[in-house]
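Now for the letters of each chain:
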Amino acid sequence: MSSCGTALRPQFWEQPLTELNEAEWEALCDGCGLCCLHKLQDDETDEVFFTDVACNYLDLQTCRCTGYQLRQHQVPDCLSIREESQTEGGEIVFEYLPLTCAYRLRHQQQPLPSWHPLLTQQTLKSAAVMGQQGVIHERALTQDLHERIIDWVQI
C-alpha cells in the first residue's frame, strides 16, 4: 500500500483499493450491513445466496458491527475484505458482496453509486431496510438457514 496515515484525501474513493490508507478504506463503507448477512453457496454451481439472517454482532438499528475490532477473533468465519483481497486468489472475496458495495465496485474500477454517503453527505438508511425486510440475528434462527434465502440483495 503506497498511502499511509489516517487523513482522508480529496476524492480518495476514485483511487484503486490498493492505494487507500486505513481511514480511507474504512470510510469507503456505506454502512449497509449486507456483508454481515449469512450467505449460502451452491456446491455445484458456486452461486451465492444471501439470507435474511445477520451475524449476532450486527446492530440491526445502526447496521454497524458491535465487535468490529475483534470480529475475526469473535467470529472465525468473518472475513476481512482488505486482508483477503490481498492474498493470492483473494479477489474472489468481492463476489460475496452486493453489487452496490463500494469495495466491489472499486475493485472492478467502477464509480461509486450516486447515492453513496461519500457523494451525498447523507447517511444511508439501511437499518430501516433491514427492519422492513425482517432481518433477524442468527441467535433467533429457529429454522434451517436455507429457508431464509432472500432475493432483495443483488449479487
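Residues numbered from 1 in each chain as written. Predicted model: local features only at pLDDT ≥ 70, side-chain atom pairs only at ≥ 80, totals over all residues. Heavy atoms only, no water.

Engineer: Please clarify how the nonpolar core should be interpreted in this entry.
Structural biologist: Nonpolar side chains tend to gather and get buried jointly when the protein is soluble and globular. Within the largest apolar cluster, 15 residues are counted, with the highest numbers of intra-cluster contacts made by Leu17, Leu28, Phe94 and Tyr103. Elements with a minimum of two residues in this core: helix H1 (22–28) and helix H4 (102–107). When neighbours within four sequence positions are excluded, Tyr103 is seen to be in contact with Leu17, Trp25, Glu26, Leu28, Cys29, Phe94 and Leu97. If you look at the next biggest cluster of nonpolar residues, it comprises 12 residues, including Leu34, Leu60, Val135 and Ile150. (Core = buried A, V, L, I, M, F, W, Y, C linked by side-chain atoms within 4.5 Å. Buried < 20%, exposed > 50% of the residue type's maximum accessible area, 1.4 Å probe, protein only. Helix = DSSP H or I, 4+ residues; strand = E, 2+ residues; numbered from the N terminus. Contact = heavy atoms within 4.5 Å.)

Engineer: I keep staring at the confidence of the model for the protein and nothing clicks. Help me out?
Structural biologist: Note: predicted coordinates in regions of low pLDDT should not be interpreted at a detailed level. Looking at the protein as a whole, its pLDDT mean stands at 89, while 94% of the residues score no less than 70. Of all helices and strands in the protein, the one with the weakest mean pLDDT is helix H6 (residues 126–132) (68), whereas strand S5 (residues 136–137) scores best (96). (pLDDT = per-residue confidence, 0-100.)

Engineer: Can you walk me through the state of the cysteines in this structure?
Structural biologist: Here a disulfide denotes a covalent bond joining the sulfur atom of one cysteine to the sulfur atom of another. Counting across every chain of the model gives 0 disulfides. There is no disulfide at Cys36, and the cysteine sulfur nearest it, in Cys35, is 4.1 Å away. The thiol of Cys55 is unpaired, and the distance to the nearest cysteine sulfur, on Cys65, comes to 6.1 Å. Using a relative accessible area of 15% as the deciding quantity, one classes Cys55 as buried. (Disulfide = S-S within 2.5 Å.)

Engineer: Is there a simple way to explain the side chain of Thr51 in this structure?
Structural biologist: Structurally, the position occupied by Thr51 is in strand S2 (residues 48–54). Reaching out from Thr51, the side chain makes a polar contact with the backbone oxygen of His38 at a distance of 2.8 Å. Among the polar contacts made by the side chain of Thr51, one reaches the main-chain amide nitrogen of Val53 at a distance of 3.2 Å. Look past the residues within four positions of Thr51 in its chain and what remains in contact with it is Leu37, His38, Leu40, Leu145, Arg148, Ile149 and Ile150. (Polar contact = N/O pair within 3.5 Å; in protein donor to acceptor, adjacent residues only side chain to side chain.)

Engineer: What is the right way to read the packing of aromatic side chains from this model?
Structural biologist: On inspection of all chains with the given rule, the structure shows 2 aromatic pairs. Here the aromatic rings of Phe12 and Trp13 are separated by 5.3 Å at their centres, their planes lie at 75°, and the arrangement is edge-to-face. (Phe/Tyr/Trp six-rings, centres within 6.5 Å; stacked < 30°, edge-to-face > 60°.)

Engineer: What is the right way to read the pattern of salt bridges from this model?
Structural biologist: If charged atoms from side chains of opposite charge come close, those side chains can pair. One pass over the structure, following the stated rule, counts 3 salt bridges. Salt-bridge contacts for Glu24 lead to Arg9; the nearest nitrogen and oxygen are separated by 2.7 Å. Taken together, the residues Glu24 in helix H1 and Arg9 in the segment before H1 connect sequence positions 15 residues apart. With a shortest N-O distance of 3.1 Å, Arg82 and Glu22 are connected by a salt bridge. Of this pair, Arg82 sits in helix H3 (residues 81–85) while Glu22 is found in helix H1, placing the two residues 60 residues apart along the sequence. By relative accessible area, which is 10% here, Arg82 ends up buried. (Salt bridge = Lys/Arg side-chain N within 4 Å of Asp/Glu carboxyl O.)

Engineer: Sorry if this is basic, but what is going on with unusual backbone geometry here?
Structural biologist: The phi torsion of most residues other than glycine is negative, and most of the peptide bonds are trans. Notably, Asp46 is not glycine yet its phi reads approximately 65°, a positive angle. Positionally, Asp46 belongs in the loop between strand S1 (37–41) and S2. The phi angle at Gln121 is positive, at roughly 60°, despite the residue not being glycine. Topologically, Gln121 is positioned in the loop between helix H5 (117–120) and H6. With a relative accessible area of 67%, Gln121 lands in the exposed category.

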